[in-house]
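One letter stands for each residue in the lines below.
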2 protein chains.
Amino acid sequence: MVPCLTTALSGPLLDLERRFLDNATTIERWLRSQWQEHTPPFYGSVDLRNSGFKLAPVDMNLFPGGFNNLNEAFHPLCVQAAMSAVEKICPDARNLLLIPENHTRNRFYLQNVAQIAAILRRTGLNVRLGSLSPEVTAPTPVDLDDGTQLLLEPLVRSRGRLGVDGFDPCMILLNNDLSAGIPDILRGLDSQYLLPPLHAGWAVRRKTHHFAAYDDVANEFAKLIGIDPWRINPYFSSCDEIDFHDRQGEDCLAAKVDGLLTMIREKYREHGIDETPYVVVKADAGTYGMGVMTVRDADEVRGLNRRQRNKMSVVKEGLAVSQVIIQEGVQTFEEVGGGVAEPVVYMIDRYVVGGFYRVHTARGRDENLNAPGMHFEPLAFETSCSLPDQRCDPDAAPNRFYAYGVVARLALLAASLELERTALPAGAAVAA
Amino acid sequence: MVPCLTTALSGPLLDLERRFLDNATTIERWLRSQWQEHTPPFYGSVDLRNSGFKLAPVDMNLFPGGFNNLNEAFHPLCVQAAMSAVEKICPDARNLLLIPENHTRNRFYLQNVAQIAAILRRTGLNVRLGSLSPEVTAPTPVDLDDGTQLLLEPLVRSRGRLGVDGFDPCMILLNNDLSAGIPDILRGLDSQYLLPPLHAGWAVRRKTHHFAAYDDVANEFAKLIGIDPWRINPYFSSCDEIDFHDRQGEDCLAAKVDGLLTMIREKYREHGIDETPYVVVKADAGTYGMGVMTVRDADEVRGLNRRQRNKMSVVKEGLAVSQVIIQEGVQTFEEVGGGVAEPVVYMIDRYVVGGFYRVHTARGRDENLNAPGMHFEPLAFETSCSLPDQRCDPDAAPNRFYAYGVVARLALLAASLELERTALPAGAAVAA
């Protein structure tokens, strides 16, 4: 089952997919040359939105949490990509420590952790799970839905090295996005590979840095295949020194929202698009769709009631919001079984290894589909993202998924640039 | 559909598969370390035989000809592995020249060529086909069964570079095993990557060199996981200066056959195996199952009639046989639909990307299943070779295929050693 594009505006998108298809060889070669210059993150997932006239990433997650949602047929791709990543980073690696999120009661998330561990074991690594949670003070078995168990172990730090009892890893893989800040136990590690690096965590990372890097990537790519970069890139802007509680920064926010809506309206006119422009206001740091607001008019950000302001003022782990990104809203025009569907593409190293749709029956096409407390139905991609087929329509499943895989890799490349630009000088302490 | 092991002797094999399963992490790590030291061939396929008590490679092909027989679900694995290979060899590559075999009328083979070209295009390469055939003097379209076409073009050599008209490749990939000798047009190329190297072709290559390297690999691997190396390695011996027409070398052959049968009989006794030992006599150079003879008694090689001697005296392209390898016969105890099934595993770079069974209904379990003029039915592997599952029986499909993938990679590693050892000093002319 593949979601249908339910828009009269699919013409321009099919044109976009056609461009990707016709230029597939050029695109792959260009990406290969980019990966010669830039190191991809160990893994990542990208939320895409497909509005028929625009196909763009709206979020890039460096601690992906849905490997359990991928089509089982793609597991060999995950193993092969992980083999390639491990070989590059630490070919002699014997032991890998995986550090998951602290919320040990989310059974979907735990399946994701089990899946990551299974992939890594199949590359030839001993994998154990070390928990940052203060509640894990002894080895703690956790039951999974499929009848298996995970064993969470307390971290053990000895001088410059981190491990769990009797286990000294060469590589430490974070699946914890550090929204709660960088714990001391992770700082100043000596000769162990910590991936992704600490500044990839939300304690330090900013969406605006990512999308600034994405601007550069999208512009170069658009020139390569001859398209308006706007077709793959949402406008964005930002405000610092926001305090939703104290209504501080409202003027900045209203002005930026208004400016962005004007720019989008202009583009809609240029491309003959008969839709209502909107923007999405999000915390610049943080994830899980908390602190997110859809806005169609600048006035909306002035008259926020207490509930709305509370909702916007904190994200995961109680991290206070003081900077926001205002991002052009991209409608999602894919529907399946009466629900709105948003594609999420998964990557390991520089390879697309699968993806799935988040399907919401209760949400609109201009709403955020990754909201807290809202359960989405995952729908695994049926085919891979690496087999474009010139003989089929540009919107045939292999070609649509190929387009998704391309845009997702542009976001991955932007993440590489972002991490290079925000890297701290060697030896410097990470402030957070 | 997965073939059944139809032997009362499956006990020891299940024990072997159990060893592979229990040591999967160690095995993968060991293979990773081996690929740090040795460069895998660009691609390869391995014929395995599975006798229940023994699982061993009997042939390693460096110019694989059955990519069309792989499960379509594994195509993304092929693309990903080829991306990794191209990135290592020639990351800036834009153009690749593929040189197929000359027999342009084999429609199965042509589908293989089309499949290889499709995989390479998806890695971001322009691919054109250059033919060594003297019949191809102008661009020659060839129709494929699926309604598409291949375009064979005459090779164009200008000074140190090889291409086709208007096409200067960075990489030249041979899918022609050079049984007919090394054509001058391929010699002395300047700053173009020619893969596999010329000495991998049958004009130079010898099976005995391969299996000597495999001895080393099998011994080290057997030590690693604690098994008798014989369980994964067929005994072999060789005779030079054979001339089947003149009955020259019969004594050497009979003596070697007898010696090998004695050694196998000894091993059968040691392992309690109630089967009749046999050996296979093959041309030391060459492929396609020509010049192959199954022998159960040394006397058989003395009384060869004219037909048998003719059959043994030449292989593909009329190459005369003067050296033979005498290899321990490994029964194939896998059956499907009343036919005998022999697994063939496909690899690109260091990755297993799929495989299929050759199924013959008209041949016995101790006969060569890759014989000229005998059409086999390919049966694609149902699952991948990279997902061993500890929770299943050692003989469950993912685990059996994992074992196949491991032994195939041992043969691939042996091919790397073989090519290192037989490489010519830089600048030396290749004699053939």
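Computed from a predicted structure; not experimentally measured. (Residues numbered from 1 in each chain as written. Chains lettered and ligands numbered in written order. Predicted model: local features only at pLDDT ≥ 70, side-chain atom pairs only at ≥ 80, totals over all residues. Heavy atoms only, no water.)

Peer 1: Please clarify how the domain arrangement of chain A should be interpreted in this entry.
Peer 2: Bring the parts together and some accessible area is lost; that lost area is often taken as the interface size. Residues and elements named next belong to chain A. One can read the domain layout of chain A as domain 1 (1-62 + 206-234 + 331-420), domain 2 (72-203) and domain 3 (235-329). Contact residues are listed per partner, giving 26 residues for domain 1 and 29 residues for domain 3. Overall, the association of domain 1 and domain 3 removes approximately 2200 Å² of surface from exposure, summing both partners, and the carbon and sulfur fraction of that is 52%. One can count two salt bridges joining domain 1 with domain 3. A salt bridge links K54 to E328, with the nearest nitrogen and oxygen atoms 2.8 Å apart. Our enumeration of links across domain 1 and domain 3 arrives at 11 residue pairs in polar contact (both at pLDDT 80 or more). Those elements that provide at least two residues to the side of domain 1 that touches domain 3 are β3 (55-61) and α5 (207-225). By residue number, the principal contributor to the side of domain 1 that touches domain 3 is α5, which donates five residues. (Domains from an automatic or database assignment. Contact = heavy atoms within 4.5 Å. Buried area = accessible area lost by both parts, 1.4 Å probe. Salt bridge = Lys/Arg side-chain N within 4 Å of Asp/Glu carboxyl O. Polar contact = N/O pair within 3.5 Å; in protein donor to acceptor, adjacent residues only side chain to side chain. Helix = DSSP H or I, 4+ residues; strand = E, 2+ residues; numbered from the N terminus.)

Peer 1: I would appreciate a short explanation of the interface of chain B and chain A in the present structure.
Peer 2: Of the residues lining the interface, 39 residues belong to chain B; the matching set on chain A comes to 39 residues. Of the roughly 3400 Å² buried between chain B and chain A, counting both surfaces, carbon and sulfur atoms make up 49%. Our count for the chain B to chain A interface comes out at two salt bridges. In this structure, R350 of chain B engages E87 of chain A in a salt bridge whose closest nitrogen and oxygen atoms are separated by 2.6 Å. At the boundary of chain B with chain A, the tally comes to 16 residue pairs in polar contact (both at pLDDT 80 or more). Residue assignment for the side of chain B that touches chain A shows that the elements contributing at least two residues are α2 (24-37), α3 (75-89), α4 (107-122) and β18 (351-360) of chain B. With 10 residues, the single largest contributor to the side of chain B that touches chain A is α3 of chain B. Here the residues of the side of chain B that touches chain A are counted per class, giving 15 nonpolar, 11 polar and 13 charged. (Nonpolar A, V, L, I, M, F, W, Y, C, P; charged D, E, K, R; others polar.)

Peer 1: Which parts of the structure should I look at to understand the packing of helix α5 (residues 207-225) of chain B against helix α8 (residues 397-422) of chain B?
Peer 2: The relative placement of two packed helices is expressed as an angle between their axes plus a distance between the axes. Residues and elements named next belong to chain B. Here α5 crosses α8 at 125 degrees, and the two axes come no closer than 8 Å. As summarised for this structure, α5 and α8 are arranged oblique, according to the angle between their axes. Crossing hand, α5 versus α8: right-handed. For the pair α5 and α8, contact is made by H209, H210, A212, A213, Y214, D216, V217 and F221 and by V406, V407, L410, A411, L413, A414, A415, L417, E418, R421 and T422, respectively. Across the contact of α5 with α8, the residue classes break down as 13 nonpolar, three polar and three charged. (Axes fitted to C-alpha atoms, helices over the stretch in contact; angles between N-to-C directions. Parallel < 35°, antiparallel > 145°, perpendicular 65-115°, else oblique. Left-handed = near helix turned anticlockwise from the far one by under 90°.)

Peer 1: Which parts of the structure should I look at to understand the relation of the copies chain B and chain A?
Peer 2: One copy of the chain maps onto the other through a rotation about an axis plus a displacement along that axis. By a simple turn and slide, chain B fits onto chain A: the slide is 0.0 Å along the axis, the RMSD is 0.0 Å, and the turn is 180 degrees. Both copies are brought into coincidence by an operation consistent with a two-fold rotation axis. For chain B, the residue whose C-alpha comes nearest the rotation axis is L77 of chain B, separated from it by 2.9 Å. Interface overlap between copies is the fraction of interface residues in one copy that are interface residues in the other; for chain B against chain A it reaches 100%, indicating a shared surface. (Least-squares fit on C-alpha atoms with pLDDT ≥ 70 in both.)

Peer 1: Would you mind going over the confidence of the model for chain A with me for this structure?
Peer 2: A low pLDDT score tells you not to read the predicted coordinates there in detail. Residues and elements named next belong to chain A. Considering every residue of chain A, the mean pLDDT works out to 88; 90% of them sit at 70 or more. Put simply, strand β1 (residues 4-5) is where chain A has its lowest mean pLDDT, 57, and α5 is where it has its highest, 98. Scored as a whole, the predicted complex attains pTM 0.91, and scored at its interfaces, ipTM 0.88. (pLDDT = per-residue confidence, 0-100.)

Peer 1: Could you clarify how one ought to interpret the packing of helix α2 (residues 24-37) of chain A against α5 of chain A in this entry?
Peer 2: Residue and element names in this part refer to chain A. At a closest axis distance of 11 Å, the pairing of α2 and α5 adopts a crossing angle of 145 degrees. The two elements α2 and α5 cross, and the hand of that crossing is right-handed. Along its contact with α2, which presents T26, I27, W30 and Q34, the element α5 presents V217, E220, F221, L224 and I225. Each residue belonging to the contact of α2 with α5 can be placed in one class, and the counts come to six nonpolar, two polar and one charged.

Peer 1: What's the story with the state of the cysteines in this structure? I'm lost.
Peer 2: As used in these notes, a disulfide is a covalent bond between sulfur atoms, one from each of two cysteines. Residues and elements named next belong to chain A. Enumeration according to the criterion identifies four disulfides over all chains in this entry. The partner cysteine of C90 in its disulfide is C170, sulfur to sulfur 2.0 Å. Where C90 bonds to C170 through sulfur, the torsion about that S-S bond is close to 80 degrees, and the disulfide is right-handed. Remark: C170 occurs in the loop between β9 (161-163) and β10 (171-175) and C90 occurs in the loop between α3 (75-89) and β4 (95-100); sequence separation between them is 80 residues. (Disulfide = S-S within 2.5 Å.)

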